[in-house]
Structures are given as C-alpha cells and as structure tokens.
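One letter stands for each residue in the lines below.
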Amino acid sequence: MEWLTAPFEVAFVQRALWAGILVSAICALAGTWVVLRGMAFLGDAMSHGLLPGVAVASLLGGNLLVGAVVSAAVMAAGVTALGRTPRLSQDTGIGLLFVGMLSLGVIIVSRSQSFAVDLTGFLFGDVLAVRESDLFLLGVALLLALAVSVLGHRAFLALAFDDRKARTLGLRPRLAHAVLLGLLALAIVASFHIVGTLLVLGLLIAPPAAALPWARSVHAVMVLAALLGAAATFGGLLLSWHLRTAAGATVSALAVALFFLSHLASGLRHRRPARRTGPAEPAVAPAATSPTS
C-alpha cells in the first residue's frame, strides 16, 4: 500500500496529480471532437505552432502563457482563412502553417543562449514543476472549456457528422468550426507547459479514442475520457516515481497504452457472441462511432 501512496505524500507530486486531472478534463472536452472529426493532424500542428509566441515571450522575459495564446490565435486564424481557399486542401494549408510556425519558432529560440534547455522544456514540459498559480489557471481554463462545450454542443455535434445539415439547421458551421478551433487551442495552451507539445496529443487523443468503444453518447465519451486521463496521470506519476522516468512522457505513454488495451478488450467483447452462436456474424460497430447527445 505504501508503494501506491508514498509518491503522493510529496507536495510537488500532489500538485502534478491535480494538474494532470485538470488537464485530462480539459483535453477530454476538446479531444472528443478532435477524434470524432479526425482532426489529429490539426491538433499536432497547433501544438507545435505555439513555439514562436513562447520563444518571443521567453526572450523578452514575458509570460509564456500569453505568448502561447497569441501563437494559438494566429494558428487558428490561419487555419480558418486557408480553409476558405477553394484551390487549397485543408491538410495542405495546415501542413504549411505547421512547418512555417515551427521553423519560425526554432529560428527565434536559436537566438537564445539556452537554446537546448528552452526547446526541451517546450517540447516535453515539466509536470513536476507545477505551482499553485498554475492550478488556478487550469481551473479557470476548465470552466471556460466547459462553458464553450455546453453552449456549442448542438452545433459541434451537427458539424461532426454533416456540415451541410448544420447549415440547413441554421447552426452556422463556419462559426462553429472557428469556436471549435478556439476550444482546441485552449486545451493545448493549458496543457503544453504541463506535458509539453510533443506529449499533449497523448492526453488530447488517446483517452477519447479509448472511450469510444464503450460509450453511447458524446457526453459519455467525454466523461470516460476524463476518467481515463486521470487514471493515466495517477499511474504515470506513480511509475515515473518508482522507475525514475520522465513524468510527462510516462503519463502520455500510459494514456496511449490504455487506448490499445481498450480496443483490444472491445475486439474480444465483440468476438465472443460470434463464437457462441456458431456461424460467423457481421461485426457490430461500436455504438459510440455515431454518438448522440
């Protein structure tokens, strides 16, 4: 029992655990829509697109969070603008923004004398360095993400499955898409200094994807994803303490491991009835592949 509780008797590990739980909840709200709409590449691009703003803020001695917000806003605006260009596919526009923002960020950071340290901290974060003020900001970010998710749920749901239907219902899909980009940016900005930009996708995508086979509604996916993210945080911090591994990377790796375990268990669950009834039956798609509110 002491093996389970000893790490969390330390104050900075307790703060890391609370931070991970809050980040898991924020990422569950945004990540569910990322998974349902197939926006993983966009999430990756936006997470790396924060680098220029963070680099400028670091060089000027300013607040890194403010720099990240500015970069996220630029990325969201760029994706929205390029998405309206008829001759340019969305993936191409996102890829160009991804490479351009990342290159600009590396160029800016290379001007710093502590290039390696700054870039490593940005990419991998430091969950064990969370302060009480960071917990307060994460709490505010969670409340904001929850408000956006509740108010935009109907539009997001229609947009996820048929943007033409959303337009027919008068839900303004372009505005809904822009707001959804803002929600994604909020999740990434709130999370990057905890687990870093390379690892944030672990909590943004893996828990919702793991929850899909077991949930029958979007709300259920979000709740289960938040619980899985919290479990990955607890287990990751525990393992990193005893194995002396990087905390953020261990948390993200465990979240991905939970995804594979979930889909393996789901596959076994759907094969059992077919074996009992004798003749092979068509595979039944998980109910959450077309969730309803």
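Definitions and limits used
- Residues numbered from 1 in each chain as written.
- Predicted model: local features only at pLDDT ≥ 70, side-chain atom pairs only at ≥ 80, totals over all residues.
- Heavy atoms only, no water.
- Helix = DSSP H or I, 4+ residues; strand = E, 2+ residues; numbered from the N terminus.
- Buried < 20%, exposed > 50% of the residue type's maximum accessible area, 1.4 Å probe, protein only.
- Contact = heavy atoms within 4.5 Å.
- Areas by Shrake-Rupley, 256 points an atom, 1.4 Å probe, with all protein chains shown as cover.
- Expected span 1.5 Å × (residues − 1).
- UniProt positions renumbered as here; feature names shortened; annotations may be inferred.
- Axes fitted to C-alpha atoms, helices over the stretch in contact; angles between N-to-C directions.
- Parallel < 35°, antiparallel > 145°, perpendicular 65-115°, else oblique.
- Left-handed = near helix turned anticlockwise from the far one by under 90°.
- Nonpolar A, V, L, I, M, F, W, Y, C, P; charged D, E, K, R; others polar.
- 1 Å grid on protein atoms, 1.4 Å probe; cavity = no way out; pocket = protein on both sides within 12 Å on 5 of 7 lines; lining within 4 Å.
- Points joined across faces, edges and corners; volume = space filled by probe spheres on them.
- Phe/Tyr/Trp six-rings, centres within 6.5 Å; stacked < 30°, edge-to-face > 60°.
- Polar contact = N/O pair within 3.5 Å; in protein donor to acceptor, adjacent residues only side chain to side chain.

Colleague: Can you tell me about the overall build of the protein chain, naming the residues and giving the values?
Modeller: Each helix and strand counted, the protein chain has 14 helices and zero strands in total. Ordered by position in the sequence, the α and β elements of the protein chain form the string α-α-α-α-α-α-α-α-α-α-α-α-α-α. Sorting the 293 residues of the protein chain into buried and exposed places 46% on the buried side. Put simply, 76% of the contacts in the protein chain that link residues at least 6 apart link residues at least 24 apart. Only carbon and sulfur atoms are counted for the fraction: they give 66% of the accessible area of the protein chain, which is about 14900 Å².

Colleague: Tell me about helix 6 (residues 90–109), and name the residues and values.
Modeller: The terminal C-alpha atoms of helix 6 lie 28 Å apart, and with 20 residues this matches the ideal 28 Å at 1.5 Å per residue to within 8%. Within helix 6, burial applies to Gly-93, Ile-94, Gly-95, Leu-97, Phe-98, Met-101, Gly-105, Ile-108 and Val-109.

Colleague: Residues and numbers for the UniProt feature "transmembrane region" (unreviewed entry) in the protein chain, please.
Modeller: Mapped onto this numbering, the UniProt entry gives "transmembrane region" (unreviewed entry) at residues 16–36, 56–82, 94–115, 135–157, 178–206, 218–239 and 246–265. Secondary structure content for residues 218–239 is 100% helix and 0% strand, and the end C-alpha separation is 31 Å. The span residues 246–265 carries 95% helix and 0% strand; its end-to-end C-alpha distance comes to 28 Å.

Colleague: So what's going on with the packing of helix 3 (residues 40–48) against helix 6? Which residues, and what values?
Modeller: Two elements in contact, helix 3 and helix 6, have axes whose closest approach is 8 Å; the angle formed by their N-to-C orientations is 20°. One finds that helix 3 runs roughly parallel with respect to helix 6. For the pair helix 3 and helix 6, the crossing hand works out as left-handed. For the pair formed by helix 3 and helix 6, the contact residues are Phe-41, Leu-42, Asp-44, Ala-45 and His-48 on the first element and Asp-91, Ile-94, Gly-95, Phe-98 and Leu-102 on the second. Across the contact of helix 3 with helix 6, the residue classes tally to six nonpolar, two polar and two charged.

Colleague: Tell me about empty space enclosed by the protein, and please be specific about residues and values.
Modeller: Taken as a whole and assessed by the stated rule, the structure comprises two cavities of 30 Å³ or more. Empty space within the largest cavity amounts to approximately 40 Å³. Elements supplying a minimum of two residues to the lining of the largest cavity: helix 2 (11–37) and helix 13 (218–243). By residue class, the composition of the lining of the largest cavity is six nonpolar, two polar and no charged. There is about 30 Å³ of room inside the second largest cavity. Among the elements of the structure, helix 5 (64–83) and helix 6 are those that each provide at least two residues to the lining of the second largest cavity. Across the lining of the second largest cavity, the residue classes break down as three nonpolar, four polar and no charged.

Colleague: An account of the packing of aromatic side chains is needed here, citing residue identities and associated values.
Modeller: Centre-to-centre distance and the angle between the planes together describe a pair of aromatic rings. Scanning all chains against the criterion turns up four aromatic pairs. Here the aromatic rings of Phe-8 and Phe-234 are separated by 4.7 Å at their centres, their planes lie at 10°, and the arrangement is stacked. Here Phe-234 lies in helix 13 and Phe-8 lies in the loop between helix 1 (2–5) and helix 2, a separation of 226 residues in the sequence. Take Phe-8: its relative accessible area is 12%, and that puts it in the buried class. Since its relative accessible area comes to 33%, Phe-234 is described here as partly exposed.

Colleague: Any chance you could break down the environment of His-48 for me, citing the residues and the numbers?
Modeller: Within the secondary structure, His-48 sits in helix 3. The class of His-48 is buried, set by a relative accessible area of 7%. Between the C-alpha atom of His-48 and that of Val-99, which follows or precedes it by 51 residues, the distance is 8.8 Å.

Colleague: Residues and numbers for the side chain of Thr-250, please.
Modeller: Among the secondary structure elements, Thr-250 is positioned in helix 14 (residues 247–277). Of note is the side chain of Thr-250, whose polar atom sits 2.8 Å from the side chain of Thr-245. Apart from the residues lying within four places of it in its own chain, the contact partners of Thr-250 are Gly-236, Leu-239, Ser-240 and Thr-245.

Colleague: Would you mind going over helix 4 (residues 51–60) in detail, with residue names and values included?
Modeller: Every buried residue belonging to helix 4 is among Leu-51, Pro-52, Gly-53, Val-54, Ala-55 and Ala-57, and all of these are buried. Positive phi shows up at Gly-61, right after helix 4, with a value of about 75°.

Colleague: Explain the packing of helix 4 against helix 6 to me, using residue names and the numbers behind them.
Modeller: A packed helix pair is summarised by two numbers, namely the angle formed by the two axes and the spacing between the axes. Contact pair helix 4 / helix 6: the axes reach a minimum separation of 7 Å and the direction vectors enclose 15°. Considering their axes alone, helix 4 and helix 6 lie roughly parallel with respect to each other. In this structure, the crossing between helix 4 and helix 6 has a hand that is left-handed. Contacts from Leu-51, Pro-52, Ala-55, Val-56 and Leu-59 in helix 4 reach Met-101, Leu-102, Leu-104, Gly-105, Val-106, Ile-108 and Val-109 in helix 6.

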